[in-house]
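Fold and geometry: a report
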Amino acid sequence: MTARGARLALLAVLLGAGCALLETEPDPSQLVCSSDDQCALNEVCFPDGCGDPGRDIVVEVTPNPHDGLHAQDFRVEALRPEQQLQLSGPASVKGRVVRATSLPAPDGGVATRPYSEPLHLLATGESLLLPGVSRRYEATLVPINGAWELPVGTGDYTVMLSADDLDVPPVWGDSRVEPGASVPLELLLPAADTVARLTGRVERQAGVLVDAALEVQALDTDLLPLSQRVTVTRGTGEFSLAMPREAARSSAVLVRVTATGDAPWVPQKTFTVDPRTPLSEPLTLGDYGSPVQVTGRVLGPDGRPVAGATVAFQGEVGGGGMFHGPLATTSTEGRFAVDTLPAAPGRTLSLVVVPPSGTAGLTVLPVEVPRTGATLPDVRLPDRRIVTGTLLLPDSTNPAAGVRVVAEPVGQVPGWPRPPAGGEAQGTTNTSGVFRLSLDPAVYRVDFVPTENLPRVSRIVTVLPGEDTAPQELATFPLQKGRTVSGRVTLGDAEAGTARGVPYASIRFYRVVSLEGRPSSVLLSQAVSDQQGRYTALIPVR
């Protein structure tokens, strides 16, 4: 990912629906154990403490998705030097979609007919064996006599089906997919005469329509869709949503109004409505104002201008809607001119500044934005927190030089956004084994990846915000010795002699642990199979 791509990804996180905070303030202590010497004879020091390096292992193998073969997970009870990985065939959700009719079935139930119109499938979930490893698959297709199939990796999924026909509400179901399994899933679309209508009108205020392309969607309280996204009629502000009858009988649903296309100057607003009664009053976005310009200058901790920083505003505007503004970039003099809607009366917007990698720390500042625009005083970015430490070779004496150090954010601290995936910081230990990383506040998994024939080592580090500029120092610890695990990735029936090697498969060895009180998956080693399906990986050993 490019530096700008990482900054855009972070802004996407910051400008989204919000970030969940850690339940408790993280312990500033970084290490449960600092070396293998503190562990029992057959244990090594992992991020969660001492553990047997041959147990609690899960292997994830990802063959070629173009062949319909996705990720498969294997639990390894006792890791052997020669670890064969026998893949099952393709896994999928093999579904059938039918639509209820108005006619009664002979048995007195609901009569149905196969649905054979275009639809979109989205399966989201998580690995069966690897906590925190997400899975997502989607496809647009036309079912054949109601039948469809979606190739997926092993996992627990929620499968949502959305028809192209906007008068058909979306439906979803749950599937648990084991390796090589084709899991049946039947989804029932409601009959046309049982679909409830929620009609209404969107306006800006006092009968004035919104001069922008808008879409409306009904959601339940968990933000799952109850209707398709439908277009608001531009000239009248009217809309009509199709929902399941059961949803229309509930006491409340959410209706979300969103601008589409090139219309950044309309905030998103979510209304709570009672679907049991007609919407006699329009959904009013309120007086959110007109675009204004905010100018300013971004300086680094040393007082020098910061060029190439990404700047944007977000927050609540007049009428109660949420605004996510367009991005601007600072000039060579550190100056920016960014357009935004004004803040709601008596409120502030958040100014988000993401500097180029390595220059300074990200900043989120509350800013009053009046309807006349504003020229801000200089925005002084803080230093990133320095995290440093010393790494030794497995003899616990000599420094480990040239080791690549990668800090990947895995959590957040209260009041700060979690940096995005792909926004990791990297460094290398010097000839004395010392590493130095510049990090924003977050919880990180720090991986130490030697260039020698030694396995990677990981530690969990919590970087807290504050005025303290002193480096955060990790206790000195050694790399671990490694043992080679090799084998072959195959597909087919070994007993029948039809097994064949799977070339260029991605193999990852994880250890499943509890970190910060949550089940987590820590990557121990990764490899890629050769043309014959052979692989070699390095695993820690005492």
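A brief report on the enclosed structure follows.

Conventions adopted
Residues numbered from 1 in each chain as written. Predicted model: local features only at pLDDT ≥ 70, side-chain atom pairs only at ≥ 80, totals over all residues. Heavy atoms only, no water. Helix = DSSP H or I, 4+ residues; strand = E, 2+ residues; numbered from the N terminus. Buried < 20%, exposed > 50% of the residue type's maximum accessible area, 1.4 Å probe, protein only. Contact = heavy atoms within 4.5 Å. Areas by Shrake-Rupley, 256 points an atom, 1.4 Å probe, with all protein chains shown as cover. Pairing = 2+ DSSP bridges. Axes fitted to C-alpha atoms, helices over the stretch in contact; angles between N-to-C directions. Salt bridge = Lys/Arg side-chain N within 4 Å of Asp/Glu carboxyl O. Phe/Tyr/Trp six-rings, centres within 6.5 Å; stacked < 30°, edge-to-face > 60°. Lys NZ or Arg CZ within 6 Å of the ring centre and 35° of its normal. Polar contact = N/O pair within 3.5 Å; in protein donor to acceptor, adjacent residues only side chain to side chain.

Notes on the overall build of the protein
Looking only at helices and strands, one finds 2 helices and 42 strands in the protein. Put simply, the protein has 542 residues, and 50% of those count as buried. Here the contacts in the protein between residues at least 6 apart in sequence split such that 65% fall between residues at least 24 apart. Here the protein has roughly 25100 Å² of accessible surface; of this, 50% comes from carbon and sulfur atoms.

As for the sheet that holds strand S32 (residues 425-428)
Strands sit in the order S32-S31-S34-S35 across an open sheet of 4 strands; the sheet is antiparallel. Bordering the open sheet on either side are S32 and strand S35 (457-463), each of which pairs with just one other strand. Direction aside, neighbouring strands of the sheet carry axes that sit 25 degrees apart on average. One ladder, built from 4 bridges, connects strand S31 (residues 404-411) with S32; its direction is antiparallel.

What about the environment of Gly261?
Following the sequence through the fold, Gly261 ends up in the loop between strand S18 (253-259) and strand S19 (269-273). Considering only alpha carbons, one finds Gly261 and Ala212, 49 residues apart in sequence, at a separation of 8.7 Å.

A short note on the environment of Thr295
Checked against the element boundaries, Thr295 lands in strand S21 (residues 292-299). Between the C-alpha atoms of Thr295 and Thr375, which are 80 residues apart in sequence, the distance is 4.8 Å. The contacts of Thr295, once residues within four sequence positions are left out, are Phe336, Ala337, Ala374, Thr375 and Leu376.

Comments concerning the environment of Gly482
On the secondary structure map, Gly482 appears in strand S38 (residues 481-491). Using a relative accessible area of 31% as the deciding quantity, one classes Gly482 as partly exposed. Considered as a pair, Gly482 and Pro540 are 58 residues apart in the sequence and their alpha carbons are 4.5 Å apart. Excluding its chain neighbours within four sequence positions, the residues that come into contact with Gly482 are Pro455, Leu538, Ile539 and Val541.

Overview of the sheet that holds strand S12 (residues 171-177)
Taking strand neighbours across the sheet as the criterion, the 4 strands line up as S9-S8-S11-S12 in an open arrangement whose pairing is antiparallel. Strands with a single pairing partner mark the edges of an open sheet, and in this sheet they are strand S9 (134-141) and S12. In this sheet, adjacent strand axes meet at a mean angle of 20 degrees when their direction is disregarded. Across 8 bridges, the pairing between strand S8 (residues 119-126) and S9 is antiparallel.

Things to note about the pairing of S12
Side chains of S12 alternate between two faces, with Val171, Gly173, Ser175 and Val177 buried and Trp172, Asp174 and Arg176 left unburied. With 7 bridges connecting them, strand S11 (residues 155-163) and S12 associate as antiparallel partners. The residue bridging Leu161 from the neighbouring strand is Val171, located in S12.

Overview of the pattern of salt bridges
Throughout the structure, instances matching the rule amount to 20 salt bridges. Residue Asp167 pairs with Arg197 through a salt bridge whose shortest N-O separation is 2.6 Å. Placement of Asp167 in the loop between S11 and S12 and of Arg197 in strand S14 (residues 196-203) is noted, with a sequence separation of 30 residues between them. You can call Asp167 partly exposed: its relative accessible area is 38%. Put simply, Arg201 and Glu203 hold a salt bridge, and the shortest N to O gap is 3.1 Å. Via salt bridges that share partners, Glu408, Arg445, Asp447 and Arg456 belong to a single interconnected network.

Notes on the packing of aromatic side chains
Within this structure, the stated rule accounts for 5 aromatic pairs. Taken together, a centroid distance of 5.2 Å and an interplanar angle of 65 degrees make the contact between Phe435 and Phe448 edge-to-face. One end of the pair, Phe435, is in strand S33 (residues 434-439); the other, Phe448, is in strand S34 (residues 442-449), with 13 residues separating them in the sequence. The class for Phe448 is buried, based on a relative accessible area of 0%. Each member of the aromatic cluster is reached from another via a ring pair, and the members are Phe435, Phe448 and Phe477. Directly above the aromatic system of Tyr288 lies the positively charged group of Arg204, at a separation of 3.9 Å from the ring centroid.

Some words on unusual backbone geometry
For Asn145, which is not glycine, the phi torsion reads 50 degrees and is therefore positive. Considering the arrangement of structural elements, one finds Asn145 in the loop between S9 and strand S10 (147-152).

Focus: the side chain of Thr490
With respect to the helices, strands and loops of the structure, Thr490 is situated in strand S38. Here the side chain of Thr490 touches Gln86 through a polar contact of 2.6 Å, side chain to side chain. Not counting residues up to four positions away in its chain, the partners in contact with Thr490 are Leu85, Gln86, Leu87, Ala499, Arg500, Gly501 and Val502.

In short, geometric facts, not functional conclusions.
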